[in-house]
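Spelled out from the first residue to the last, the chains are:
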Amino acid sequence: MKALVWHGKEDIRCDTVTDPEIQDPRDAIIKVTSCAICGSDLHLFHNFIPGMLPGDIMGHETMGEVVEVGSGVDGKLKKGDRIVVPFTIICGECDQCKRGNFSVCETTNRKRHLADKAFGHATAGLFGYTHLTGGYPGGQAEYLRVPYADATHIKVPPGIPDEQLLFLSDIFPTGWQAAVQCDIEPTDTVAIWGCGPVGQMAIRSAILLGANQVIAIDCLPERLSMAEAGGATTINFETESVLERLKELTDGKGPEKCIDCVGMESHVMASLPDTLLDRAKQMVMLESDRPHVLREMIYVCRPGGIISVPGVYSGLSDMLPMGAFMNKGLTMRTGQTHVNRWTDDLLCRIEEGEIDPSFVITHTVPLEQGPEMYQVFRDKRDSCVKVVLKP
Ligand SMILES: NC(=O)c1ccc[n+]([C@@H]2O[C@H](COP(=O)([O-])OP(=O)(O)OC[C@H]3O[C@@H](n4cnc5c(N)ncnc54)[C@H](O)[C@@H]3O)[C@@H](O)[C@H]2O)c1
Ligand SMILES: [Zn+2]
Ligand SMILES: [Zn+2]
């Protein structure tokens, strides 16, 4: 089959690889009908997250049709079922899965010794996302093996196009969880850094959850326009002072809730000197992340507020203002998304027409054009916000 394969830093190719097969009774194989490129894939593209090996198949936003099921799938899935595959591989049985903490499932990371060392504890297995999370082949491919398939799936009805359902795999529940973690009150201002696909979903979610005001921050005009269309007031951090504008828009109080939809690769700019220092430290392996947004959020958040961090960080972040964080009594909530915790609610909202997540798609191309689209999405060329690939 054809698949997008990681060969090294900034080197992803569309290769012919062996078709996946059932390896365990709980496996299923799907024929992929749509998959997408995520901002998290860019961290792997740049080789910022350790544990990728040449030959690894990329991709964790995938949906398709079940073509084969193992004997242990136990009637939960059958040939012909249409499923979206959550990016977190879950067993459905462990203590964490029972609590709904699916992204820290205690069973599915088959390389837990690596993650135990890096993070203190292993987290769930993830598709197409480094050997720290199990080294499972991803879904930017014609076929995907879904381990623990009896639990790791979202069954979706016919009649709704792939484009409206695909993002149940990751970015829609990710934006949603980021907003839910803010415990939004009707009087709250929610400030959201980053208007990429995750930021766009967080903006819509914060509005659906009843925020009084949503403020979105980025520097890319087409992404800011999309944020505005979703109901946000926008700040362009290249031409305006984020701190001053946020104070102005909140009568000097600061936003009650702040969401980081940027993560470890905050833009490096001469006007933001801390980002230059982070970049220099990254180059000599003294720091793994560029946490400019975390610093800004801690500084500007209203005392007693909540900071929600769906943006991915990989290791060590320097110069976080713990003094401000502690003395202002802030709370931070974060995590890879517990996808299946939100599925029933979000699928229902799509079916009822409350939200159509396909608004974010700007590019739909054949899988073969994947390698080129990694560059376009990374460089934000051609007003690219979200790429869907069709195998
Ligand atoms: N927690 C999860 O489960 C989960 C799931 C999916 C994605 N993510 C993470 O979410 C983050 C965003 O993903 P995406 O797909 O939207 O990526 P993206 O790269 O398309 O978007 C990031 C956006 O941040 C903007 N940005 C950069 N520096 C900024 C700054 N200083 N202030 C404000 N905006 C800034 C960029 O211009 C860009 O539009 C990534 O870190 C990704 O890994 C996490
Ligand atoms: Zn993702
Ligand atoms: Zn589990």
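Shown above is the structure to which this text applies.
Scope of this entry: the structure provided in the associated data block. (Residues numbered from 1 in each chain as written. Chains lettered and ligands numbered in written order. Predicted model: local features only at pLDDT ≥ 70, side-chain atom pairs only at ≥ 80, totals over all residues. Heavy atoms only, no water.)

Turning to helix α13 (residues 370-379), its buried residues number three or more, namely Gly370, Pro371, Met373, Tyr374, Val376 and Phe377. Trailing α13 by a residue or two, Lys380 shows a phi angle of about 55°, which is positive. (Buried < 20%, exposed > 50% of the residue type's maximum accessible area, 1.4 Å probe, protein only. Helix = DSSP H or I, 4+ residues; strand = E, 2+ residues; numbered from the N terminus.)

In this structure, the second largest pocket occupies an estimated 630 Å³ of space. Phe119, Tyr313, Thr334, Gly335 and Gln336 are the residues nearest the centre of the second largest pocket, which is lined by 25 residues in total. For the lining of the second largest pocket, the residue count by class is 14 nonpolar, 11 polar and no charged. (1 Å grid on protein atoms, 1.4 Å probe; cavity = no way out; pocket = protein on both sides within 12 Å on 5 of 7 lines; lining within 4 Å. Points joined across faces, edges and corners; volume = space filled by probe spheres on them. Nonpolar A, V, L, I, M, F, W, Y, C, P; charged D, E, K, R; others polar.)

Bringing the packing of aromatic side chains into the picture now. By the definition in use, this model includes 1 aromatic pair. A centroid spacing of 5.5 Å and a plane angle of 35° characterise the contact between Phe45 and Tyr374, whose relative ring orientation is tilted. One end of the pair, Phe45, is in helix α1 (residues 39-45); the other, Tyr374, is in helix α13, with 329 residues separating them in the sequence. For the pair Phe45 and Tyr374, a shared accessibility class is recorded, and that class is buried. Sitting over the face of the ring of Phe377, Lys380 holds its NZ or CZ atom 5.3 Å from the ring centroid. (Phe/Tyr/Trp six-rings, centres within 6.5 Å; stacked < 30°, edge-to-face > 60°. Lys NZ or Arg CZ within 6 Å of the ring centre and 35° of its normal.)

In this section: the side chain of Gln177. Tracing the backbone through its elements, the reader meets Gln177 in helix α5 (residues 171-180). By relative accessible area, Gln177 is classed as buried at 2%. When neighbours within four sequence positions are excluded, Gln177 is seen to be in contact with Gly335, Gln336, Thr337, His338 and Trp342. (Contact = heavy atoms within 4.5 Å.)

Residues in close proximity to ligand 1 total 33 residues, the closest being Ser40, Asp218, Arg223, Pro310 and Thr337. Between ligand 1 and His267, the relevant distance is 2.9 Å, taken from an oxygen atom to a side-chain nitrogen or oxygen of the residue. At 3.0 Å, a backbone N or O of Gly335 approaches a nitrogen atom of ligand 1. Contact with the protein chains hides 97% of the accessible area of ligand 1, taken as 870 Å² for the molecule alone. For the shell around ligand 1, the secondary-structure elements that each account for two or more residues are α1, α6 (197-208), β12 (213-218) and α10 (292-300). Partitioning the shell around ligand 1 into residue classes produces 15 nonpolar, 14 polar and 4 charged. (Near = heavy atom within 4 Å. Polar contact = N/O pair within 3.5 Å; in protein donor to acceptor, adjacent residues only side chain to side chain. Areas by Shrake-Rupley, 256 points an atom, 1.4 Å probe, with all protein chains shown as cover.)

Interaxial distance between α5 and α6 falls to 7 Å at its minimum, and their mutual angle equals 50°. In terms of orientation, α5 lies oblique with respect to α6. In this structure, α5 crosses over α6, and the sense of that crossing is right-handed. Along the contact surface, α5 presents Ile171, Phe172, Thr174, Gly175, Trp176 and Ala179, while α6 presents Pro197, Val198, Met201, Ala202, Ser205, Ala206 and Leu208. When grouped by side-chain class, the residues that make up the contact of α5 with α6 number 10 nonpolar, 3 polar and no charged. (Axes fitted to C-alpha atoms, helices over the stretch in contact; angles between N-to-C directions. Parallel < 35°, antiparallel > 145°, perpendicular 65-115°, else oblique. Left-handed = near helix turned anticlockwise from the far one by under 90°.)

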